[in-house]
Amino acid sequence: MIFKGPDTMASTTTNTAPRAALPAITLDTIALIFFAGAAGTLAFDLWGKAIAPLLGLGSLAPVGLARGFLGALGLPNGAPWGNLMHLFLVGVIAYPVGWLFIARPIAARITPGLHWSITSAVYGVGLWVFAIGGIAAIAGNPAFLGFARIAWVALAGHVIYAVVAAATVVYLERRRA
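Cut-offs and rules
- Residues numbered from 1 in each chain as written.
- Predicted model: local features only at pLDDT ≥ 70, side-chain atom pairs only at ≥ 80, totals over all residues.
- Heavy atoms only, no water.
- Salt bridge = Lys/Arg side-chain N within 4 Å of Asp/Glu carboxyl O.
- Helix = DSSP H or I, 4+ residues; strand = E, 2+ residues; numbered from the N terminus.
- Buried < 20%, exposed > 50% of the residue type's maximum accessible area, 1.4 Å probe, protein only.
- Phe/Tyr/Trp six-rings, centres within 6.5 Å; stacked < 30°, edge-to-face > 60°.
- 1 Å grid on protein atoms, 1.4 Å probe; cavity = no way out; pocket = protein on both sides within 12 Å on 5 of 7 lines; lining within 4 Å.
- Points joined across faces, edges and corners; volume = space filled by probe spheres on them.
- Nonpolar A, V, L, I, M, F, W, Y, C, P; charged D, E, K, R; others polar.
- Axes fitted to C-alpha atoms, helices over the stretch in contact; angles between N-to-C directions.
- Parallel < 35°, antiparallel > 145°, perpendicular 65-115°, else oblique.
- Contact = heavy atoms within 4.5 Å.
- Patch = residues over 30% accessible without salt bridge, like charges linked within 9 Å, V, L, I, M, F, W, Y side chains within 5 Å.
- Areas by Shrake-Rupley, 256 points an atom, 1.4 Å probe, with all protein chains shown as cover.

## Focus on the pattern of salt bridges
For side chains bearing opposite charge, pairing can occur when the charged atoms are close. Within the structure shown, the criterion is met by 1 salt bridge. Across the pair R104 and E173 runs a salt bridge, and its minimum N-O distance is 2.9 Å. Placement of the pair is R104 in helix α4 (residues 79-110) and E173 in helix α6 (residues 149-176), with a sequence separation of 69 residues. Neither R104 nor E173 differs from the other in exposure class; each is buried.

## Re the packing of aromatic side chains
The full count for this structure, using the stated rule, is 7 aromatic pairs. Consider the rings of F144 and F147, whose centres lie 5.1 Å apart with planes at 15 degrees: the pair is stacked. Taken together, W128, F144, F147 and W152 form an aromatic cluster joined through their ring pairs.

## Examining the layout of surface pockets
Roughly 460 Å³ of internal volume is contained in the largest pocket. Lining the largest pocket we find 25 residues, and of these P62, L65, H86, A131 and H158 sit closest to its centre. Contributing elements (two or more residues each) for the lining of the largest pocket: α2 (27-54), α3 (62-72), α4, α5 (116-138) and α6. At 6 residues, α4 tops the list of elements feeding residues into the lining of the largest pocket. Considering only residue class, the lining of the largest pocket consists of 19 nonpolar, 6 polar and no charged. The volume enclosed by the second largest pocket comes to roughly 150 Å³. Forming the walls of the second largest pocket are A103, I106, A107, I110, T111, L114, T119, V122 and Y123. Of all the elements in the fold, those that place two or more residues in the lining of the second largest pocket are α4 and α5. Broken down by element, the lining of the second largest pocket gets its largest block of residues, 4 residues, from α4.

## Description of the packing of α3 against α4
Helix packing for two helices is described by the angle between their axes and how far apart those axes are. Following both chains from N to C, one finds α3 and α4 inclined at 105 degrees, their axes separated by 8 Å at the closest point. Between α3 and α4, the angle falls in the class roughly perpendicular. Between α3 and α4, the contacting residues are P62, V63, A66, R67, F69 and L70 on the first element and A79, W81, G82, N83, M85 and H86 on the second. A per-class count over the contact of α3 with α4 returns 8 nonpolar, 3 polar and 1 charged.

## So, a nonpolar patch on the surface
A cluster of nonpolar side chains, I25, L27, I30, F34, W81, L84, L87, F88 and L89, forms an exposed patch at the surface whose accessible area comes to about 880 Å². Broken down by secondary-structure element, the contributors of at least two residues to the nonpolar patch are α2 and α4. Looking at the secondary structure, you find F88 in helix α4. Take F88: its relative accessible area is 35%, and that puts it in the partly exposed class.

Spelled out as structure tokens, the structure:
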């Protein structure tokens, strides 16, 4: 279970062969996905909606991007739908599923000695390419938002998201062991 007592196993800090296997789909894995996604989304939004604007870097508008994407597909794109897509479908479910079932297993096979933090940062860059390079273009914006300052704020946000979500996975898996 995820909520066992303190870690009794030596911690692993690198991608290893056993981690290359896909996780079993259990209630623990579903909880892991939700907690990692919630932590990552909170970090992303804290960065993009509070810290970056305080630094004069601009504010991220992921809900607006989600609404534009939904509208481009001819789907309902009101604020509730944009929030549902950004906060829940993408942030809490899709991105952590991508980490657990795609990125981490591939990285463990290709670069088994690489620390999870580096792997997750690379995953964050991939998320940025997907969201700001692809989804933004589908939503009617320039690809990579024309590489304006906000594109770089989004890059940092996606890397922060991925590292925080992966750190949450590592922490919860260690507690479970």
